[in-house]
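Each chain, letter by letter, is given below.
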Amino acid sequence: MADNGRIEPSSHYPSAADAGNSITQHGFKITTRKLPILKAEPIEQMTKRLGIAPPEMIFGDNLVSIDHESGWGLQFNTYDALDQVDKTGGSMLQVAHSREWQSTREKKHEGITEVVKPFDWSYSTDYKGTLRSQSPLFEITTTPIPLELLKRPDPILFFDEIILYEDEMADNGITMYSCKIRVMPARLLLLCRFFMRLDNVVLRIRDTRVYVDFGTGEVIREYVAKEEKYEVVRQKLASRGQDVPAQLRDPNNINDLLPIVDKSLERLVIR
Amino acid sequence: MSDLDKAISELRACKIIPEPQVREICHKARELLIEEANVVQVDAPVTICGDIHGQFHDLMELFRVGGDVPDTNYLFMGDFVDRGFYSLESFLLLLCLKVRYPDRITLIRGNHESRQITTVYGFYDECLRKYGSANVWRYCCEVFDYLALGALVLGTSSTLEPSFTDKSQAIEPVDDDVEIEIMNSRNEVTARFPRSRRRLFESDGLNSSPPGTPSKTGPSGTGATSDSGGSHHSGGAVLCVHGGLSPLIDSVDKIRLLDRKQEVPHEGAMCDLLWSDPDEIDSWGLSPRGAGFLFGPEIVKRFNHLNDLSLIARAHQLVMEGFKEMFDSSIVTVWSAPNYCYRCGNVAAILELGEDTSNGGVIARSNGDAGRSAQAFMPNLAPRSGPGRRYRVFEAAPQDPRGMPAKKPVADYFL
């Protein structure tokens, strides 16, 4: 899939009247917008534009953005996250009881074999945010996000948590893209997480972390994708003697049980 | 005050009732439900409700907006449990009301009224947490197996009676030409759509329909005529199911023949009725998920025509506006869980269908019978005139301080 390169952020999507919450620190303006799910008409527009049916809970107006007074900006919005979903059906998953379901169906309804509008209905995305066009580019780096600095109990000046989209996959699990941000006096951390559990099939976590050091203008973006078969994770949890269904609901509980399948580390300095 | 009335008042206060009493009520409910047909016949007037999902305080708001049982005749289209924090209280209250007023409340099965689904999506955990054992969950699941699969609403009116709740005000007569009325939770009319010149707005949850769609002459014997002015007329029969249609079911009678007293199967007609979704496709389609059906406008129009139905009401899918009419108003989705999962910000709706009094209260019993329409189906047939529909739209109840997620997220030092 193409990298999440330079696209004019959200010009193709009408912005809501609500400007959201924001805070400005050292020339960086951090904004979050949290609104209800979309109505029928905007859903229809988005469906046409995306070319796929959006998830059931579609918070199309929600976003997180980090904008610098120099013109640099990085935004996470719902449309662009969904635009990265495979729309061809090439990487389509099937629910656990699909084979059983289809084998009985084939005998009875030979006429109905068409899968309607195939696409990746797990809404798996490798979205890492949308850059403003006049931004300097990220460059590959080996400098990690300074976790020790982030572990310090600095006062949190601004905190928010928003969902871009969520779908119950017709009660076969959950898929969700959510963002969490905390702004401290000297730095900020943004965690955008795609989490997907297809019951009895597979689990995925794809985290994008954005770190900004206000003093130096350094921005680090880390992307880590993890994936494991459901059964493997279930067995690991069971061997720990834990309540498996409850554990599987929270990505934090299983994060360390999924092996890394893809990662990248990028950095830029704003002057 | 009987034990049952006591249980009802406890549950109304969102308190759980003792386990032996749950067992007794479930037993009584089963005895009632076993006598019901797979497709329950319900006479208008009736208020049709969609998914509740354990949002107890919003269910109380629904009763406030729609009227209390037994004053209002209710039909709930399933998905009482899971997701919300009060599945137990919500389902047990509805069940107690069913036992107390069996003719004033109808409960049909949703896909969440199943052992397998409730173990994953919250109801099982909630029973375990609130009672310390899975007994109550088991009693409830036994009731699930006896819930009807659908309901057929007969004796509807094509016109709307004035809203009942606002008795203090002078009753403003509703024009006979009004097909759809939308009211808010303060009993104020927010929109009206006349039958003769239907200009429907998508933002109101109504799918667009060409303006000037004429009301059609109904098949003889149904009471529907092309004369839209003047007196009351029948609004036709309305089939209610949780999910939708099945390629294995071409008549309401075929639903009547199913053996429903079992866990929801993974496939087959019973599964489809609880799981399938309408979609803008030509005929039938497979869901991209690899299981489940999608059905298009022609399927619905053909089914309605062959079964002499004016409308299918279903639930199962979240809609921001609380309801969504599709396919030239041949099918409607009703959603009754406002601010779903305490975070979606959507409104909820209930659908009121009035009673046709033009025939001295005599209902055409043959409605919904298979093969009733002698004439061959013509695909270009205009949809027959539907019942007068009042949608009451309501918002989530004020958030309960106990156990509800805080609106403002709590800051934490995540990494």
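Rules used in this analysis
- Residues numbered from 1 in each chain as written.
- Chains lettered and ligands numbered in written order.
- Predicted model: local features only at pLDDT ≥ 70, side-chain atom pairs only at ≥ 80, totals over all residues.
- Heavy atoms only, no water.
- Helix = DSSP H or I, 4+ residues; strand = E, 2+ residues; numbered from the N terminus.
- Buried < 20%, exposed > 50% of the residue type's maximum accessible area, 1.4 Å probe, protein only.
- Contact = heavy atoms within 4.5 Å.
- Pairing = 2+ DSSP bridges.
- Core = buried A, V, L, I, M, F, W, Y, C linked by side-chain atoms within 4.5 Å.
- Axes fitted to C-alpha atoms, helices over the stretch in contact; angles between N-to-C directions.
- UniProt positions renumbered as here; feature names shortened; annotations may be inferred.
- Salt bridge = Lys/Arg side-chain N within 4 Å of Asp/Glu carboxyl O.
- Polar contact = N/O pair within 3.5 Å; in protein donor to acceptor, adjacent residues only side chain to side chain.
- Nonpolar A, V, L, I, M, F, W, Y, C, P; charged D, E, K, R; others polar.
- Parallel < 35°, antiparallel > 145°, perpendicular 65-115°, else oblique.
- Phe/Tyr/Trp six-rings, centres within 6.5 Å; stacked < 30°, edge-to-face > 60°.
- Arc of directions from axis to C-beta.
- Left-handed = near helix turned anticlockwise from the far one by under 90°.
- pLDDT = per-residue confidence, 0-100.

Let us look at the overall build of chain B. For chain B, the helix and strand inventory stands at 10 helices and 16 strands. Across the 415 residues of chain B, 59% fall into the buried class. Sequence-distant contacts, at least 24 apart, represent 74% of the contacts inside chain B between residues at least 6 apart.

Bringing the sheet that holds strand S5 (residues 73-77) of chain A into the picture now. All names here are of chain A. Spatially, five strands are ordered S1-S2-S4-S5-S6 in an open sheet, and the strand pairing comes out antiparallel. Edge strands, defined here as strands with exactly one partner in the open sheet, are strand S1 (21-25) and strand S6 (130-131). Note that S1 and strand S2 (residues 28-33) share five bridges and pair antiparallel. Bridged to Ser22 within S2 is Thr31.

Residues Leu62, Phe63 and Phe76 of chain B are the most contacted members of the largest nonpolar core, which totals 51 residues. Counting residues per element, this core draws most heavily on helix H4 (residues 87-100) of chain B, at nine residues. Discounting residues that sit within four places of it in the chain, Leu62 of chain B has contacts with Cys49, Ile52, Gly67, Tyr74, Phe76, Ser336, Ile350 and Phe394 of chain B. Leu50, Ile52, Leu164 and Leu198 of chain A belong to the second-largest nonpolar core, a separate cluster that totals 47 residues.

Now for the sheet that holds strand S9 (residues 173-183) of chain A. Residues and elements named next belong to chain A. On the basis of which strands lie adjacent, the open sheet formed by eight strands has the order S3-S8-S9-S10-S11-S12-S13-S7 and antiparallel pairing. On the outer flanks of this sheet lie strand S3 (57-58) and strand S7 (139-140), each paired with one strand and no other. Bridge analysis of S7 against strand S13 (residues 260-269) gives two bridges, and the strand direction is antiparallel. Bridging from a neighbouring strand, Glu139 pairs with Arg267 of S13. Of the strands in this sheet, strand S10 (187-198), strand S11 (202-213) and strand S12 (218-229) touch helix H5 (residues 230-239), which is tilted by about 90 degrees from S12.

As a further point, take the UniProt feature "domain: Serine/threonine specific protein phosphatases" (unreviewed entry) in chain B. Those residues carrying the UniProt feature "domain: Serine/threonine specific protein phosphatases" (unreviewed entry) are residues 108-113 of chain B in this numbering. Taken end to end, residues 108-113 of chain B comprises 0% helix and 0% strand; its first and last C-alpha atoms sit 9 Å apart.

The interface is formed by 51 residues belonging to chain B together with 61 residues belonging to chain A. Here chain B and chain A share five salt bridges between them. The partner of Lys180 of chain A in a salt bridge is Asp412 of chain B, with the nearest N and O atoms 3.3 Å apart. The interface formed by chain B and chain A includes 17 residue pairs in polar contact (both at pLDDT 80 or more). Those elements that place two or more of their residues in the side of chain B that touches chain A are helix H5 (115-120), helix H9 (269-275), strand S10 (284-286) and strand S11 (293-295) of chain B. Of the residues that constitute the side of chain B that touches chain A, the class distribution is 24 nonpolar, 15 polar and 12 charged.

Helices that pack against each other are described as a pair by the angle of their axes relative to one another and the distance between those axes. Residues and elements named next belong to chain B. Direction vectors running N to C along helix H6 (residues 123-131) and helix H7 (residues 135-144) enclose 140 degrees, while the axes themselves pass 8 Å from each other. It follows that H6 is oblique to H7 by the angle criterion. Residues Phe123, Tyr124, Cys127 and Tyr131 of H6 form the contact with H7, whose own contacting residues are Val136, Trp137, Cys140 and Phe144. Looking at the contact of H6 with H7 residue by residue, the class counts come to eight nonpolar, no polar and no charged.

All names here are of chain B. Tallied over the full model, the rule gives 19 aromatic pairs over all chains. Aromatic side chains Phe123 and Phe144 sit 6.1 Å apart centroid to centroid with 45 degrees between the ring planes, which places their arrangement in the tilted category. Taken as a pair, Phe123 in helix H6 and Phe144 in helix H7 lie far apart in primary sequence, 21 residues in all. What makes Phe123 buried here is its relative accessible area of 0%. Since its relative accessible area comes to 0%, Phe144 is described here as buried. Relative to Trp137, the ring of Tyr124 lies with its centre 4.8 Å away and its plane at 90 degrees, an arrangement referred to as edge-to-face.

Strand residues, when the strand is regular, have side chains that alternate between the two faces of the sheet. Relative to S13 of chain A, S12 of chain A runs antiparallel, the two being bridged by nine bridges. Opposite Val219 of chain A, over in S13 of chain A, you have Leu268 of chain A as the bridge partner.

Once that is clear, we can look at the UniProt feature "active site" (unreviewed entry) in chain B. Under the present numbering, the feature "active site" (unreviewed entry) in UniProt falls on His112 of chain B. We classify His112 of chain B as buried; its relative accessible area is 1%.

We now examine helix H1 (residues 40-50) of chain A. Residue and element names in this part refer to chain A. For H1, the set of buried residues is Ala40, Met46 and Leu50. Looking straight down H1, one finds that the buried residues subtend no more than 125 degrees of arc, so they occupy a single side. Those residues of H1 hidden inside the fold are in contact with S3 and helix H2 (78-83). A positive backbone phi angle near 85 degrees is found at Gly51, which sits one or two residues after H1.

Here we come to the pattern of salt bridges. Here the structure, examined in full by the defined rule, presents 43 salt bridges over all chains. Note that Asp83 of chain A and Lys87 of chain A form a salt bridge whose closest N and O atoms lie 2.6 Å from each other. Two residues, Glu352 of chain B and Arg390 of chain B, come together in a salt bridge whose shortest N-O distance is 3.5 Å. Within this pair, whereas Glu352 of chain B is found in strand S15 (residues 348-353), its partner Arg390 of chain B is found in strand S16 (residues 389-394), the two being separated by 38 residues in sequence. Across the pair, exposure class does not vary: Glu352 of chain B and Arg390 of chain B are buried alike. Several salt bridges share partner residues, and in doing so they unite Glu181, Arg192, Glu352, Arg390 and Arg392 of chain B into one network.

Turning next to the packing of helix H2 (residues 19-34) of chain B against H4 of chain B. All names here are of chain B. At their nearest, the axes of H2 and H4 sit 9 Å apart, and the two run at 55 degrees to each other. In terms of orientation, H2 and H4 fall into the oblique class. Crossing geometry of H2 relative to H4 is assigned as left-handed. Residue-level contacts link Val22, Ile25, Cys26, Lys28, Ala29, Leu32 and Leu33 of H2 to Leu92, Leu95, Cys96, Lys98 and Val99 of H4. Among the residues forming the contact of H2 with H4, the class breakdown is 10 nonpolar, no polar and two charged.

This next bit is on the confidence of the model for chain A. Residues and elements named next belong to chain A. Within chain A, residue pLDDT values average 87, and 86% of them lie at 70 or more. Element-level mean pLDDT values for chain A span from 62 in helix H3 (residues 98-108) up to 98 in S11. Confidence over residues 1-16 falls short of pLDDT 50; this stretch has 39 contacts with residues more than four positions distant or in other chains.

All right, on to the environment of Glu298 of chain B then. Residues and elements named next belong to chain B. Structurally, Glu298 can be placed in helix H10 (residues 297-306). The exposure class assigned to Glu298 is partly exposed, which follows from its relative accessible area of 34%. For Glu298 and Ser330, which are 32 residues apart along the polypeptide, the C-alpha to C-alpha distance reads 10.0 Å.

Once that is clear, we can look at unusual backbone geometry. All names here are of chain B. A cis amide bond links Ala44 to the next residue, Pro45, at an omega of 5 degrees. Here Pro45 is to be found in the loop between strand S1 (39-43) and strand S2 (46-49). The residue after Val69, namely Pro70, is reached through a cis peptide bond having omega 10 degrees. Tracing the backbone shows Pro70 in the loop between helix H3 (56-66) and strand S3 (74-76). Phi angles above zero are rare outside glycine, and Phe327 is one such case at about 50 degrees. In this fold, Phe327 is placed in the loop between strand S13 (323-326) and strand S14 (331-334).

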